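Letter by letter, the chains look like this.
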Amino acid sequence: MEMRMPIDLRSDTVTRPTEGMRRAMACAEVGDDVFGEDPTVRRLEEVAAGRLGFEAGLFVPTGTMGNQVALQLHAPRGTDVIVEADCHVYRYELGAMAAWSGVLPRVLSGRGGRLELDQVSSAIAPDTDYLAPTSCLVLENTHNHAGGVCIDLEHQRSLIAAAHRQGVKVHLDGARIFNAAAALGVTAADVAAGFDSVMFCLSKGLGAPVGSVLVGPAGWIAQARVVRKRMGGGMRQVGILAAAGLYALEHHVERLSDDHRRAARLAEEIGGIDAFVLDPSTVQTNMVSVGLRRPDEQSVLLKRLDDAGVLAIAMGPDVIRFVTHLDIDDASVETAVAALRKLRV
Ligand SMILES: *Cc1c(COP(=O)(O)O)cnc(C)c1O
C-alpha cells in the first residue's frame, strides 16, 4: 500500500504527523484552555511569541481565524484595509474581512506579490470627512499566490514605517514566516520585527495537523482571546494539538531549507521542459509556480503527472504549482523528476 502512495506536491498542507509528533500529542498534558488551564497550549503560545519576538501568543484553529481576529481588532467597521490583490486575507478567506469586520478592502496590485512604497503611501487615506479612514495594512511573507516569494526585510521595514507614520496598523500574514526566515537567512523574529501583529501556520510546512498562532503585545492578545471565543474558536483540552505545534517548532523549522533545496531541484528540471514557462532562479522557498506555454494543456499535464503518481495543483487557469514539504524526501523528488522528464515526449 505505502508503495502506491502518490507523491503529493499540491500543497504543504497535506503533511501527516510523524511518529514523534504523534507521541508528543498522545503524551500532552492538557486542561480546559477556555479556563486558561491547558499547560501545553500556554507553552506553545509562549514559545511561539518568543520565537517571533512578541510578548504573547494565541493558539487559533486556522490561519484564517488568526488573520480575521487581527483585522477585527485593528480595523473598525467602515475603515479601509490595504491589501495586495492576490493575498490570502483578501482573496482566499471567502470575504471574511467584509463579513466579520465590515471593512473596505483597498486593493493594490503588486508585482509578484510585492507592493511598492509609493503605492502604499498614496493609498493611505488622508484625514478628511469624506474618505474612509485607513486603519490597517496587511502584508504576506512569504507570498503564497506569487509562488512563495519573500519580501526583503529592508523593503518591508519601509512599508511598515510609512503605515505607522500615518497611524495605520500593520498585520503580517506570516503563514510561512519560517520559510521566509530560512530563505532570507535571518530569524523569524527578524521577519516579524515592526509589525503590530503576526499570524503563522503550524499546519503548513511545519507539519502539524492543525493550528496557527497569532502573536502581538500582551494586552492586545488578551483582547484577541475574547474575539477568538466570539468567533467560536475557544477550544478545550487542545493541548493535544498544541503539542504537535510545539514539536513542529522544535523539530521541523531547521529542515525547511531541505524543502527549499528540493523545490530548486524540481525547478531546475521543470525549467528545461518545453510545455512549461519557468525561470528557476525565481524559486525562493518551497513553491514552484509554473507557467504553461499552452494553458489549454493544463488538465492534460496534470493528468499525465497523476498517472505517473505525482500530484500537482492548478493555480488559476495557466499555472501549475508544485510544493515541497515534510513528506517529500530526496527520493520522492527524484521520482517526480522522472515523471516530469516523461512530459518532454
Ligand atoms: C494557508 C494560509 C492561510 C490560512 O490558512 P488556513 O487554511 O485558514 O489555516 C493564510 N495565509 C496564507 C498565505 C496561507 O497560505
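Just so you know, these numbers come straight off a predicted model, no measurement behind them.

Thresholds applied
Residues numbered from 1 in each chain as written. Predicted model: local features only at pLDDT ≥ 70, side-chain atom pairs only at ≥ 80, totals over all residues. Heavy atoms only, no water. Near = heavy atom within 4 Å. Polar contact = N/O pair within 3.5 Å; in protein donor to acceptor, adjacent residues only side chain to side chain. Areas by Shrake-Rupley, 256 points an atom, 1.4 Å probe, with all protein chains shown as cover. Helix = DSSP H or I, 4+ residues; strand = E, 2+ residues; numbered from the N terminus. Salt bridge = Lys/Arg side-chain N within 4 Å of Asp/Glu carboxyl O. Buried < 20%, exposed > 50% of the residue type's maximum accessible area, 1.4 Å probe, protein only. Pairing = 2+ DSSP bridges. Contact = heavy atoms within 4.5 Å. Axes fitted to C-alpha atoms, helices over the stretch in contact; angles between N-to-C directions. Core = buried A, V, L, I, M, F, W, Y, C linked by side-chain atoms within 4.5 Å.

**Q** Teacher, can you tell me more about the site of the ligand here?
**A** Taken together, 13 residues are adjacent to the ligand, and G63, T64, D173, R176 and K204 come closest. Taking T64, its side chain carries an N or O atom lying 2.5 Å from an oxygen atom of the ligand. At a separation of 2.7 Å, an oxygen atom of the ligand approaches a polar side-chain atom of R176. If the ligand stood free it would expose 380 Å²; the protein chains cover 84% of that surface. Residue contributions to the shell around the ligand peak at three residues, all from helix α3 (residues 63–74).

**Q** Teacher, can you tell me more about the pattern of salt bridges here?
**A** If charged atoms from side chains of opposite charge come close, those side chains can pair. For the coordinates displayed, the defined rule picks out 21 salt bridges. A salt bridge links R262 to D330; the nearest nitrogen and oxygen atoms lie 2.8 Å apart. Remark: D330 occurs in helix α14 (residues 330–342) and R262 occurs in helix α12 (residues 256–270); sequence separation between them is 68 residues. Judged by its relative accessible area of 10%, R262 is buried. One connected set of salt bridges, linked through shared partners, spans R265, E268, E269, E334 and R341.

**Q** What's the story with the pairing of strand β2 (residues 56–60) in this structure? I'm lost.
**A** Two faces, one strand: in a regular strand the side chains alternate between the faces of the sheet. Of all five residues that make up β2, five are buried, and the element is covered over most of its length. The side-chain alternation of β2 yields two buried faces, one formed by A56, L58 and V60 and the other by G57 and F59. In this sheet, strand β8 (residues 212–216) lies alongside β2 in antiparallel orientation, the contact comprising five bridges. Along β8, the bridge assignment pairs A56 with G216.

**Q** Before we go on, may I ask you to explain the sheet that holds strand β12 (residues 313–314) in this structure?
**A** Whenever strands of a sheet pair, they do so through backbone hydrogen bonds, lying parallel or antiparallel. Read across the sheet, four strands follow the order β9-β10-β13-β12 without closing on themselves; strand pairing throughout is antiparallel. With partners counted over all chains shown, the strands left at the sheet margins are β9 (276–277) and β12, one partner each. Here β12 pairs with strand β13 (residues 319–323) via two bridges, running antiparallel. Following the sheet pairing, A314 is matched in β13 by I320. Against the sheet, α12 engages β9, β10 (287–292) and β13, with an angle of about 15° to β10. Seen against the sheet, helix α13 (residues 298–307) touches β9, β10, β12 and β13 and runs at an angle of roughly 30° to β13.

**Q** Can you help me understand the nonpolar core in this one?
**A** Nonpolar side chains tend to gather and get buried jointly when the protein is soluble and globular. Judged by nonpolar contacts, the single largest core of 52 residues is most densely connected at L52, F59, L137, F178 and F200. Examining the composition of this core, we find that seven residues originate from one element, helix α11 (residues 239–251), more than from any other. Apart from the residues lying within four places of it in its own chain, the contact partners of L137 are I82, L115, V120, L159, A163, V168, K169, V170 and H171. If you look at the next biggest cluster of nonpolar residues, it comprises 28 residues, including A263, V290, I320 and A336.

**Q** Would you mind showing me how to read unusual backbone geometry here?
**A** For residues besides glycine, phi is generally negative; the peptide bonds are generally trans as well. Between N141 and T142 the backbone carries a cis peptide bond, its omega angle lying at 0°. Mapped onto the elements of the fold, T142 is located in the loop between β5 (134–140) and α7 (153–165).

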